[in-house]
Structures are given as C-alpha cells and as structure tokens.
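# Fold and geometry: a report
In case you want the letters, here they are:
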Amino acid sequence: MDSSMKLIERLVRYKELKPCTTAFIDTRSPGSDKKENFTIIGPGVAENPDQHVHIRSPHGFNIGGARQPPHCTNSQHSHLTNEVFVVHSGTWAFRSGVDATDGEIILNRGDVISLPTDIFRGFENIGQSSGFLYAVLGEDDPGRVLWAPQVFDLAADHGLVLMEDGSLFDKRVNETLPAGLSPMPKTTPEQVAAHRVVDINVLKEISIRSRNFNWLNTTALSLYDGIEEAALLGPASPAELIPDGHLNWRHGFAMRALKMEPGSRVPAHIRHEEEVIFVQQGKFNIEVEDHILELDPGDTFTTPIGSSRAFVNPGHEVCTIYITRRYDQPAAPEFL
Ligand SMILES: [Fe+2]
C-alpha cells in the first residue's frame, strides 16, 4: 500500500462519498434503477469505467458500498471472491438463488453476512428510508460479476449491453457495438448449476446478528477500560488473543467489531498490515502519530501500516467500529 498518501487522503467521509448510479448492467431495470454504488477502496467490480474510486492503493481486499431507497433491489449475481456486507443503515432482505426464491434472511443495523462464491445473491432495502450497506470483496482483483441470466434480458430491454471486457455499452447513446468487442455471453445453465441452492438455514449460518456478537474484554485491544471486541470473520488469531470469529472460515482478511464506552481509549500501538476502520455508530477519533482525525458514522479510514495509532471515543454515547485487516491472522498489535 502507498505509504506516501496523506492522512486526509486516507479518510473517506460518508457525506463526501461519490456515487455511481450507472455502475452495473441492471442500473436501468425497474426496481434497481435507483441504487447508488460506491468504490471506496480498490476498483471493485464496477462495470462502468467512469466510476469514482476514492482510494486506489491495493489492500488485499476491496471496500465498497451500496445505498438504496426503499423497495430498490440489487439483482441476483455472484462473485469470484468472498463478499461481506455490514448493514450500516436500513432493513435489508438478502435472497439466495438464481431467481431469488431459494431463501431469504432479513438483516438490520450492525448485522453482517458473508457470501461465498457459489451462491447467487441479491438484496432489497425493505425498510421505510434509504439504507447503506458497507461491503468488503476479497482480493485485490475480485474479477467480474456473474449476473443471473434474466438480468441480461432486462438490461437489453433498457438499451444496456454488458461487453466481454466487463464494460457497459449504452445502445441509447450509440447504436453500433464497438469494433472488435463482443457482448458478454449470457450466463449459461452450466454456470448456474455450479451454484448451490441454499435456504434460510444456510443464510443464517453465513450471517451474524449484532445482538449475538460475542463481546470480549480479553483480546489484545480490549484489555483497556471501556473497550470490548467481537471476532466476526476469520479463524482464531492467537497473536491478537482473538478466538474464532462467528464466521470462522478464511477470507484473506479478518473483520472485528470494537465497542468503546464514552471517554475510553485504546492506547498507541503499531500494526503491520492494512487496517480499514468503518464507524458504525457514535463518534470516533483516531490519533495517528501526532495527528487527530475525527470520524463520524459511515466514515472509512485506512491507517498507514507501521504508524502509531490510538483509538478514542470522544463522544457521549457508545461508539462501535468495524475493522477489516489484511490476512486471516494479522500480527499482534505492538503497544508503545
Ligand atoms: Fe455483489
């Protein structure tokens, strides 16, 4: 990761997120046309080259987001790498299966779901107001989206063609397809058959409700007053005194939640891998060397590797952050 980036370039504020409303093949399909897609860290899987990437440096995973108004749906698809969602706001139905009919689970604020590569998934904001999902996709290059076959047909009805290089072609702008480039072949029955049919029971096994987080005060970061940590994704990491996550399989990255009482502090320490902090609720300050950055809910920050960092809750309510780190078992934090 680029160590020359200024601290302020490492902070992506929620209110400054730049959405793309034409990132994907289904952006004109009724019911999906109001969704906003964000690429916060890494290029993600957007099909529109005009999409704004807030932070480009490779982390070993990609961070993105989806914001959708009530009743807006993200069409059924799968990925070549793990896809994890944190519900930042709103109430969401996640549906499995090529036709979205195999299973459904409803997730609320703070809940997490980790979708493996062999499940078709889509999601709808079923709440009464706009909702935001924070998303982590595995690896630096997560490849392209595999859309359910009907998504191609719906897009074609609205003038959009997905090309073989992953770009989107707009037939309303130009009638002739670009020379030397063919449309992406529609997803085949064989590709569909390579996916699992999973019901609500499997969807429960791959998700964690925030009310069921196992809050600990025995991990390396939670040995301080007013701090609790929950292991969400990844296997046990003895160096960090972290037990198995609820979702304990290997993702290539680990995710933990940290809960901080007002006024609490995790003292200055150094880490040796990429660390991305997402503020779920409350106020959160991070002190990096001798700078203080003040974060609000929905903000994302990537801490420079090897730098000293301290975490502070400067507010009057509990603060909860979700931290994603490269590797299944990150190195121990070195307290100064
Ligand atoms: Fe996805």
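You'll find the structure just up there.
Residues numbered from 1 in each chain as written. Predicted model: local features only at pLDDT ≥ 70, side-chain atom pairs only at ≥ 80, totals over all residues. Heavy atoms only, no water.

On to the coordination of the iron ion, then. Binding of the iron ion to the protein goes through His77 (NE2), His79 (NE2), Glu83 (OE) and Glu83 (OE), at separations of 2.1 to 2.6 Å. Around the iron ion, the four donor atoms are arranged such that angles at the metal cover 54 to 151°; this shape is classified as irregular. Between the donor residues of the iron ion, the gaps in sequence give the motif H-x1-H-x3-E. By relative accessible area, which is 4% here, His77 ends up buried. (Donors = N, O, S within 2.8 Å, 3.2 Å for Na, K, Ca; no water. Tetrahedral: all angles 85-135°; square planar, octahedral: opposite > 155°, others 65-115°. Buried < 20%, exposed > 50% of the residue type's maximum accessible area, 1.4 Å probe, protein only.)

What follows covers the pairing of strand β21 (residues 291-295). Relative to β21, strand β20 (residues 284-288) runs antiparallel, the two sharing five bridges. Counterpart to Glu287 in the pairing with β21 is Ile292. Between β20 and β21, which pair antiparallel in sequence order, lie two residues; one of them, Glu289, sits at a positive phi of approximately 50°. (Pairing = 2+ DSSP bridges. Helix = DSSP H or I, 4+ residues; strand = E, 2+ residues; numbered from the N terminus.)

It is a probe the size of a water molecule, rolled over the atoms, that shows where empty space is left. The computed volume of the largest pocket comes to approximately 330 Å³. Across the lining of the largest pocket, the residue classes break down as seven nonpolar, six polar and five charged. Taken as a whole, the second largest pocket spans an internal volume of roughly 240 Å³. Around the second largest pocket, the lining comprises 15 residues; the ones closest to its centre are Leu80, Arg144, Val145, Leu146 and Gln191. For the lining of the second largest pocket, the per-class residue count stands at eight nonpolar, six polar and one charged. (1 Å grid on protein atoms, 1.4 Å probe; cavity = no way out; pocket = protein on both sides within 12 Å on 5 of 7 lines; lining within 4 Å. Points joined across faces, edges and corners; volume = space filled by probe spheres on them. Nonpolar A, V, L, I, M, F, W, Y, C, P; charged D, E, K, R; others polar.)

Pairing between sheet strands relies on hydrogen bonds along the backbone, with the strands arranged either parallel or antiparallel. Read from one edge to the other, the open sheet built from six strands follows the order β1-β22-β19-β24-β17-β16, with strand pairing classed as antiparallel. Edge positions in the sheet fall to β1 (11-12) and β16 (227-233), since each has one partner strand and no second. Two strands pair when backbone bridges link them, and strand β19 (residues 275-281) and strand β22 (residues 300-303) are joined in this way by four bridges, in the antiparallel orientation. Note on β22: the bridge partner recorded for Ile277 is Phe301.

If you walk through the whole model with that rule in mind, you get 22 salt bridges. Residue Arg67 is joined to Glu36 by a salt bridge in which the shortest nitrogen-to-oxygen separation is 2.6 Å. Separated by 31 residues along the polypeptide, Arg67 in strand β4 (residues 61-68) and Glu36 in strand β2 (residues 36-41) bring together distant segments of the chain. Of the two residues, Arg67 and Glu36, neither departs from the other in class, the shared state being buried. One network of salt bridges, in which partners are shared, links Glu240, Arg256, Arg271, Glu273, Glu275, Arg309 and Arg325. (Salt bridge = Lys/Arg side-chain N within 4 Å of Asp/Glu carboxyl O.)

Turning to the sheet that holds strand β10 (residues 121-125), a few remarks are in order. Here five strands make up an open sheet; going across it, the order is β8-β7-β10-β5-β12 and the pairing antiparallel. The sheet terminates laterally at β8 (103-107) and β12 (146-147), the two strands that pair on one side only. Of the pairings in the sheet, the one linking strand β7 (residues 92-96) to β8 comprises five bridges and is antiparallel in character. Across the sheet, the residue bridging to Ala93 is Ile106, located in β8.

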